[in-house]
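# Coordinate inspection notes
So the chains spell out like this:
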Amino acid sequence: MANRRLHNWTSGDRLSAQNLGAGVPSVNEVLRMFPWVLDKLRQVDPFVAQLERIESSIFPGKITGTTGVATNQWTYNITEQRKTAQGYGGWSDLNGGRVVVARNTIENMNTGSGIEGNGVDHDGSAFTSTNFQMMPAPAGVIVFVHQLNFTPSDAPPLPTDPPLSPESEYWFEYENADDGTCSE
């Protein structure tokens, strides 16, 4: 009876224990109705909608180019990808997907002196050869890109009227390689 009642609901109905009655639909029935059930969950639990926003802000992307912006820091051109086959390989550009400029969290602390984000001290005593350089993440690498919102530090304290929209930027994580030759 509960299953029949669930199938007859419309988008204006509210999900509640009273509407469900004593019966509980099977997992297969819920999966068949998943788009509808998810819509109902969005109505009664704003957390579900928030989780969907979080999930959509993370996507696989392929690095297609780099631009140096500071010592051992780059910005990266990234094209959203889709997985088309199992295992290694099988990635392709998502038709209509995002094309963004992103930064690497590992490079955030890089200054060119002392220990860099990848754990290497380029100007330390263990690195006597001066022809080693930190390299950007190479073109073709697939990374998971996170869209992060932030509110500029000079923004007025919240709440504002009208509400202040956060700004977005894109970040990923990739351990930079060091390249060069040893004299030994």
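Given the structure is predicted, the values throughout are model-derived calculations rather than measurements.

All right, on to the pattern of salt bridges then. Side-chain pairing between opposite charges can occur once the charged atoms of the two side chains come close. Applying the stated rule across the entire model yields 3 salt bridges. Two residues, Lys-62 and Asp-93, come together in a salt bridge whose shortest N-O distance is 3.6 Å. In this pair, Lys-62 is assigned in strand E1 (residues 58–70) and Asp-93 in strand E3 (residues 91–93), connecting sequence segments 31 residues apart. One salt bridge in this structure joins Arg-98 and Glu-80, with 3.1 Å as the shortest N-O distance.

Another aspect to go through is the side chain of Thr-79. Here Thr-79 lies in strand E2 (residues 73–83). Residue classification places Thr-79 among the buried residues on the basis of a relative accessible area of 15%. In this structure Thr-79 touches Pro-60, Gly-61, Lys-62, Thr-64, Asp-93, Arg-98 and Val-99, once residues within four positions along its chain are discounted.

In this section: the nonpolar core. In terms of nonpolar packing, the biggest core is built from 14 residues, with Ile-63, Tyr-76, Ile-78, Val-143, Val-145, Tyr-170 and Phe-172 touching the most fellow members. Secondary structure elements with two or more residues in this core: E1, E2, strand E4 (99–104), strand E6 (142–150) and strand E7 (167–172). With 3 residues, E2 is the largest single contributor of residues to this core.

The next thing to look at is the packing of aromatic side chains. Per the counting criterion, the structure on display carries 2 aromatic pairs. Aromatic pair Phe-59 and Tyr-170: ring centres 6.1 Å apart, planes at 75 degrees, arrangement edge-to-face. Of this pair, Phe-59 sits in strand E1 while Tyr-170 sits in strand E7; the two residues are 111 residues apart in sequence, bridging distant segments of the chain. Judged by its relative accessible area of 1%, Phe-59 is buried. Given the relative accessible area of 17%, Tyr-170 is considered buried. A centroid spacing of 5.0 Å and a plane angle of 80 degrees characterise the contact between Tyr-76 and Phe-172, whose relative ring orientation is edge-to-face. Placement of Tyr-76 in strand E2 and of Phe-172 in strand E7 is noted, with a sequence separation of 96 residues between them. Of the two residues, Tyr-76 and Phe-172, neither departs from the other in class, the shared state being buried.

Below, the discussion takes up the pairing of E4. Within a regular beta strand, the side chains point alternately toward one face of the sheet and then the other, so they alternate between its two faces. Of the two faces of E4, the one holding Val-100, Ala-102 and Asn-104 is buried and the one holding Val-99, Val-101 and Arg-103 is not buried anywhere. Direction of pairing for E2 relative to E4: antiparallel, over a ladder of 5 bridges. Paired with Tyr-76 across the bridge in E4 is Ala-102. Bridge count between E4 and E7: 3 bridges; the pairing is parallel. Bridged to Asn-104 within E7 is Phe-172.

Now for the confidence of the model for the protein. Chain-level pLDDT for the protein is 76 on average; 56% of the residues reach the 70-or-more range. Contacts of residues 1–9 to residues separated by more than four positions or lying in other chains number 22 contacts, the stretch itself having pLDDT below 50.

The rules behind the values
- Residues numbered from 1 in each chain as written.
- Predicted model: local features only at pLDDT ≥ 70, side-chain atom pairs only at ≥ 80, totals over all residues.
- Heavy atoms only, no water.
- Salt bridge = Lys/Arg side-chain N within 4 Å of Asp/Glu carboxyl O.
- Helix = DSSP H or I, 4+ residues; strand = E, 2+ residues; numbered from the N terminus.
- Buried < 20%, exposed > 50% of the residue type's maximum accessible area, 1.4 Å probe, protein only.
- Contact = heavy atoms within 4.5 Å.
- Core = buried A, V, L, I, M, F, W, Y, C linked by side-chain atoms within 4.5 Å.
- Phe/Tyr/Trp six-rings, centres within 6.5 Å; stacked < 30°, edge-to-face > 60°.
- Pairing = 2+ DSSP bridges.
- pLDDT = per-residue confidence, 0-100.

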